[in-house]
Every structure is written in C-alpha cells, then in structure tokens.
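# Analysis of the macromolecular model
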Amino acid sequence: MSDFLKVSRDGDVAIVIIDNPPVNALSFHVREPLMQALVELRDDPSVAAIVIACAGRTFVAGADITEFGKPVQQPELRAIVATLETIAKPTIAAIHGTALGGGLELALGCHFRVTDAGAKLGLPEVKLGLLPGGGGTVRLPRLVGALKALKMIVSGASIGAEEAHAAGLVDAVFEGDLTTHAVNFAREIARKGGPFTPVRDRDEGLKTTDLAAFDTEAADLAKKARGLEAPIACAQAVRNAVTLHFDEALAAERALFVKLVASDQSRAQRHLFFAEREAAKIPGKDFIKRRIARVGVIGAGTMGGGIAMAFANGGYPVTLLETSQEALRRGLATIDKNYAVSVTRGSLTEDAKRQRLARFTGSTDYADLADCDLIVEAVFEDMTVKKEVFGRLEAAAKPGAILATNTSYLDINEIAASTSRPQDVLGLHFFSPANVMKLLEIVRAEKTAPDALAAVVDLARRIGKVAVVVGVCHGFVGNRMLAARGAESEALLLEGATPRQVDQAFTDFGWPMGPFQMGDLAGLDIGWRNRKARGQTAVIADTLCEQGRFGQKTGRGYYLYEAGARTAVPDPEVEALIRDKAAEKGIALRAVGAEEIIERTLYPLVNEGARILEEGIAARASDIDVVWVNGYGFPVGKGGPMFWAGLEGAAKIIERLEYWHQRTGRQVFKPAPLLKRMAETGSWEAGE
Ligand code: T1G
C-alpha cells in the first residue's frame, strides 16, 4: 500500500481508493502503487470485481501537470490503462467531482463508469496545448460517437453526469453514497457473469459515424484554432479512431501527444494554468478573510449593471443603488433584458433567470447599503464624484464593510485618503462587459487591510473571475500597458501602414482582432474623451471623432460597417485622411511591414510590463501574463507578453527597442533595466 492509495475489500469486491490531495492527480506516487494493486487484484481469485474510487473532493482530475517537461517515470498512465484492459473481472470507476483528462482516461480503461449526480467528465487537455495522451481520443469515440467526442475533445468542455449517461459514457448515476452503490453495482455485474468487453473492443459509438459530417465539423473547428496546434491534433486523433485500427490509432495519438507536449504553445498554456492560480495567492501570513454575504453596487449604468450581474450570477444578493427611481428602473430593465437574451440564446434557463433577478434589491437610499459586506461604486469616472460617493459610503457602510471603487485610472490612494477608513478601501477593476469578462484587477491601495484583500480575491474566484492583485498607478497593469502598446499607432499610420495592415499583423500573431478594429468595437469616442481630459491629441483618431466616426456604433470608424454588420471594411476616405495628415506633417509614406508593426507595438508592451514589475505594481511576471490573456486577448499559445518575451528573446527585443529609441527618441522604446536583466538571467524574477 501507500499513503496515496489504499485497497479495501467488501466481500469479493475490491475497492481501490486513490488519495492524492488536492485533486487526485495521477502523480508518479499514485501510478506506481495503482499499477501494483491492479496486477495483484487481477490475479487474486478471491476478487470478483474491482472498484476504483477517490478520496477527497473529486475523482482524478488528470495527469500531474507539474510532471510535464521532466523525465517520464514508469508506469505511465497508458500502461495502467492497458493493464486494466487485461482484467477479465469487471472493473468499475466510481466518479464524484470531476473526472478530467487522465482521470477520465483511467475510467475509460474500466469496463464500467458510475457517478454521482454532480459529477462532471471531460478531456480538457486542449486547454493545455495538448491532446488526451492516455487513449482518450480512441476510447471516448467508441462510447459516445466520433462527432460528440470530437466536440468534447477539441473544446475541452466537461459534461455533466446525466448527459454522460445519456451519451453512453456513464453506465449509472447514483444518489447517496457513491462507493456503496458502486460496490453493489460491481457485485451485481459479477454475479450476472461476463464476458466483460473492454472499451477498446467496443465500437457501438463508431458505427454511426458519418465521416463527411465529421470532417465538416472538424473543418469548422479548425477555423477557430487561430494558429493553435492542439485543436487540429485533437481532431486528427479522433478521426484516426474512426479510420484506423485501435492500436494504430493509439500509436498515432502517442506521436501527436509527444510532439505537442514539447511545443512552445503547450509550455505557454501550462504556464498560464499555474499562473492564474498563483495570481490569486496573496503573499504573507494567513489571516481570517472578512466574510462577504451581501454586496452593494452604486451605479446601475453599463458597468454597474454588469458588476451587479456578475455578483448575482455568482449567487450573491445585490443591493443596486442609483440616484433616482428612473435611473434605477432603467438599470434593472437593462439587466432583465440581458438575462432575457441569455435565455433566448439557450445559455440560461427561465428558472435561473428568475433566481438571479430575485437577488436584486433596488434603492436610491444609501442607508439601504448598511447590511452590505462589500460595496462597489461604479459611478462617473471623476475624482470629485468618487470622493463624494465615498464620503457618503463611509457613513452608511457598516464597520468592516469593504469599500471598492471600479475606477480604471484614478488614484485609489487618494480616494482612500479621503475617507476615515482607508483600510477598507480597494479597487475592483472589472472589464466591460463586467458580467462576461473573466479578468478582475484587484487594486491593493497603500492602506488596504490584508483581510479585506483576501476576502475579495476569494470572492472573485467564487463568481468565476480570474483575479490579479495589482498596485496603484495610472491604468494599473492592463490599461497602462495598453497605452504603451498603442503609443505608436498613429505614427505607424502616418508613416504608411493602413489600419488593415496593422490589424492583420495582430491577427497573424494570434490576437482575435487588431487595435484599430478593437477601437471601432469599443467606441473611438471613449479614447477621445480621455485624451481631451488629459490635454492629449492623436491627429487621426481625433479627426475621425470630430467627423462623428466613433466606430461600429456609428457605422464607421477606422473602417466602414455595412448597416448593423460587424465586418470591418477598409475605408478609402480614412486612407485618404491619413495620407493628407501625413502630407501636412511632411512625412513621406513608405511600406511598413508586419515585423516592424510588432516591434513597435508588442515590444513596448513587454517593456512597460518590465517597468511595472520593477515598480512592484505587479508581484510576478506571470500575473501580467494572466492580465493580458484574460483581459485583452493576448494569444494563449504565446503565454502572455512576459512569457512570450522569453520565446522571442529578450536580447532581440532590447536590440530593436534601442534601434527605435535611437531613431525616434520616444521614451516608450527606452529599454527597462529589468528587461536587460531578463536578457542576462533568462528570468523576470528579481535576484534569480
Ligand atoms: N496536475 C497538477 N496540479 C493540479 C492539477 C493537475 N492536473 N489540477 C489542479 N492542480 C492543482 C492546482 O494547481 C492547485 O494547486 C490545486 O490543484 C487546486 O486546483 C495524460 C496529459 C480539477 C477543476 O487539465 O481544471 O491529464 O494552487 O485551484 O478551482 O491525457 O484544478 O493549490 O498549489 O484549480 O477546485 C488534464 C486541471 C491534465 C484539469 C479543480 N486535467 N485542473 O478546480 O482547484 S493533462 C486538467 C482543473 C492530462 C492526460 C493528460 C481544476 C479542477 P495550488 P484549483 P479548483
């Protein structure tokens, strides 16, 4: 036996319990005793059936991701599954919590799978830049059919117990004590007698395959891969399950897995998996997090309404405060409409909509915030207005309530200092639409209390947000770096790049869209208002706004948008405007290539990230990657700007930054000292 695996007996049924907290990953110290136990139980004539279950909160959540990139230690999962399929007596996987990746593949090595009602099953390897490497691509289609397997494996999405049962992946779903049910199921199966067919020899799911329909679906999925290799490999492996003999398909899966696991894309996506979890950890001693049971939101506009929905969607009662009944009515009507759209789209049931709406209480009286544990203001982005709100808040909010501002740019230390309770003040920078976007920048002000910070970090995870703790500076991490990325936008246009060429360079890099298309989507008037407030100008963007060209919402911005459509069509008028402005400035137009576009946008992005790290605004380089992947669409296959800098080569980035700095004199190109140290040490961590 081992500390990570126990075998017990219930009569002639053997029960193998894996116990490897926190998620029962199939680490080497689990695989070794598991293999040994399976061989012994297989050869033990007193054992009529074998149940594999897990202790703790979940069934096996996959291979141990921390082992990738290190020498493989036998036995591998594949060998364990192959051994399982040499067992003639019935083998049953008893699944609670999640059976993911290698965990589901282990279960697919069993003759039967039984679950409790809350179980979720999936093969999410594609999210790590991988494919199921333990036989999942060849066994899953045999049970659920090639098309469903294709969708599950390429999306990495899990399915619930009932859906899995209906699809033939699960043989029974039990209420109550799962292990007891599993043992009874095993005993009954054994009593009825075999032979028991291993999944590898079952093909009911393959017989119904329409290969043409499969290829059509696979082609559609490939279009969404945006340069990622894993989704393509996943589809190929599932297709092999249909067209090749089992062993050939299994060997092909292995070859594809070995290639992917060594790829930069998978290293990048595995980096992000752990980076997201690190970002939510607050250094320092353990403290008792403040309790948050009820949330108040001030302002029911676009941001306030979205923030209120984010909390209601996470199960929290929300008091939504506005200045008038009419403003409150409008805000609540928008929320109701948003939920109605989700119901129409099928992503929300009517019942869930009712439950969520029931969590809202509207008010125009600050006194109604007195029972809130967290209050988030999302009022007009103006310091005077914010201070007025906090002045009223500190009187209305109960002692210990956390007072959060959703400001994107304003100085939160100044807001906190305007109150008598700065220890309760912090920033919750949501990204619009706040009920959809995953990223939440949690801004720690100078005097923010650790127990308040820990409470909102914990709350963020509970409402499905990806939390990153950042420090106070103009634009915090994301928007400050966004400014650096866009600093050369106008210069690139005036020197000869068209909006389409710049955007194409970005989409070829793997971004969902480029900066000009993004500007048209968000609305060019937002940036215009910010520039005017700060006394800044941008000759092309300002001129477009002066002409009422705000982007999609006005049908034209940098691009033209046919009535109501979202397709960006290059606009000759804009290109003529750019040429005219360049001529006015005496700038000779020239061809600007994609490489130059990337050097003048993404290298400054990395450089500003290095400055942010130097200043301690972000605690880790990986936190910056989490911000950019979850808040701005940085391609996951490149791991975020700071991880990508390692792939690109810090020395090369410095060399090009120095070239552009010398050529333009602009500060955005002046290499940060930490970037130079990264080039020397290969690490962003100070002192490494
Ligand atoms: N390996 C190693 N550590 C893991 C892990 C894993 N598979 N899954 C989670 N952890 C750690 C995680 O880093 C965190 O550590 C702690 O467990 C709690 O996780 C051969 C090749 C299961 C839904 O992709 O989706 O199998 O921060 O904070 O929110 O074909 O963890 O506490 O130190 O996420 O309750 C495929 C990944 C692997 C599933 C639970 N499996 N995990 O969520 O907790 S590749 C996956 C998750 C594979 C085979 C292939 C989630 C969860 P720490 P958590 P959670």
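Since the structure is predicted, the reported quantities are computational estimates derived from the model, not experimental observations.

Bringing the packing of helix 1 (residues 28-42) against helix 2 (residues 77-84) into the picture now. Across the interface, helix 1 lies against helix 2 with an axial gap of 10 Å and an inter-helix angle of 15 degrees. Between helix 1 and helix 2, the angle falls in the class roughly parallel. By crossing handedness, the relation of helix 1 to helix 2 is classed as left-handed. Contact residues: R31, L34, M35, L38, V39 and R42 in helix 1; L77, A79, I80, T83 and L84 in helix 2. Split into classes, the residues belonging to the contact of helix 1 with helix 2 amount to 8 nonpolar, 1 polar and 2 charged.

Another aspect to go through is the nonpolar core. Ranked by internal contacts, the top residues of the largest apolar core, which has 95 residues, are L393, V477, Y558, I624, W628, L675 and W684. It is helix 26 (residues 594-614) that provides the largest number of residues to this core, a total of 9 residues. Counting contributing residues, this core receives three or more from each of domain 2 (295-476) and domain 3 (497-584). Residues within four places of V477 in sequence aside, it is in contact with E441, V470, I612, I617, A618, I624, V627 and W628. Core analysis: the second largest hydrophobic core is formed by 65 residues, L77, L128, I153 and A230 among them.

Turning our attention to the pattern of salt bridges. For the coordinates displayed, the defined rule picks out 50 salt bridges. Among the ionic pairs, K207 bridges to D203, the shortest N-O distance being 3.6 Å. Looking at K207, the relative accessible area reads 66%, which means it is exposed. Residue classification places D203 among the partly exposed residues on the basis of a relative accessible area of 35%. Connected via shared salt-bridge partners are E488, E495, R590, E596, R600 and R666.

Further remarks concern the pairing of strand 16 (residues 439-443). Across the 5 residues of strand 16, 5 count as buried, placing the element largely inside the fold. Neither face of strand 16 is exposed, since L439, E441 and V443 on one face and L440 and I442 on the opposite face are all buried. Looking at chain direction, strand 15 (residues 425-430) and strand 16 are connected through 4 bridges and run antiparallel. Directly across from H429, in strand 16, lies its bridge partner E441. With helix 18 (residues 450-462) bridging strand 16 and its parallel neighbour strand 17 (residues 466-470), the resulting β-α-β unit is right-handed.

In spatial order, the strands read 5-7-8; together these 3 strands make up an open sheet with mixed pairing. Edge positions in the sheet fall to strand 5 (98-100) and strand 8 (159-160), since each has one partner strand and no second. Strand direction decides the pairing type here: strand 7 (residues 120-122) and strand 8, joined by 2 bridges, are antiparallel. By the bridge assignment, K120 is partnered in strand 8 with G160.

Before going further, it helps to examine the UniProt feature "domain: 3-hydroxyacyl-CoA dehydrogenase C-terminal" (unreviewed entry) in the protein. Annotation from UniProt places "domain: 3-hydroxyacyl-CoA dehydrogenase C-terminal" (unreviewed entry) at residues 475-561 and 597-683. In this annotation, residues 475-561 is assigned 61% helix and 2% strand; the end-to-end C-alpha distance for the span is 30 Å.

Attention shifts here to the site of the ligand. In the vicinity of the ligand there are 26 residues, among which R57, A63, E105, E125 and R277 approach most closely. Secondary structure elements with two or more residues in the shell around the ligand: helix 3 (102-108) and helix 12 (264-279). No other element matches the 3 residues that helix 12 contributes to the shell around the ligand. Classifying every residue of the shell around the ligand gives 14 nonpolar, 5 polar and 7 charged.

To continue, consider the domain arrangement of the protein. Think of interface size as the accessible area that goes away when the parts come together; that is how it is often given. Under the domain assignment, the protein is made up of domain 1 (5-262), domain 2 (295-476) and domain 3 (497-584). The C-alpha-based centres of domain 1 and domain 3 are spaced at 49 Å.

Two cysteines, two sulfur atoms, one covalent bond between them: this is a disulfide. Under the definition given, this model contains 0 disulfides. Here C54 is not disulfide-linked; the sulfur of C110 is the nearest cysteine sulfur, at 11 Å. Note on C54: relative accessible area 9%, which makes it buried.

To continue, consider the environment of G649. With respect to the element layout, G649 can be found in the loop between helix 28 (641-648) and helix 29 (650-664). Look at G649 and you get partly exposed, because its relative accessible area is 21%. In this structure the C-alpha to C-alpha distance between G649 and M678, which are 29 residues apart in sequence, comes to 9.4 Å.

Moving on, we get to the confidence of the model for the protein. For the protein, mean pLDDT is 95; residues scoring 70 or higher make up 99% of the total. For this predicted complex, the interface confidence score (ipTM) comes to 0.98, while the overall pTM stands at 0.94.

The rules we used
Residues numbered from 1 in each chain as written. Predicted model: local features only at pLDDT ≥ 70, side-chain atom pairs only at ≥ 80, totals over all residues. Heavy atoms only, no water. Axes fitted to C-alpha atoms, helices over the stretch in contact; angles between N-to-C directions. Helix = DSSP H or I, 4+ residues; strand = E, 2+ residues; numbered from the N terminus. Parallel < 35°, antiparallel > 145°, perpendicular 65-115°, else oblique. Left-handed = near helix turned anticlockwise from the far one by under 90°. Contact = heavy atoms within 4.5 Å. Nonpolar A, V, L, I, M, F, W, Y, C, P; charged D, E, K, R; others polar. Core = buried A, V, L, I, M, F, W, Y, C linked by side-chain atoms within 4.5 Å. Buried < 20%, exposed > 50% of the residue type's maximum accessible area, 1.4 Å probe, protein only. Domains from an automatic or database assignment. Salt bridge = Lys/Arg side-chain N within 4 Å of Asp/Glu carboxyl O. Pairing = 2+ DSSP bridges. Right-handed = clockwise from strand over helix to strand, strands pointing away. UniProt positions renumbered as here; feature names shortened; annotations may be inferred. Near = heavy atom within 4 Å. Disulfide = S-S within 2.5 Å. pLDDT = per-residue confidence, 0-100.

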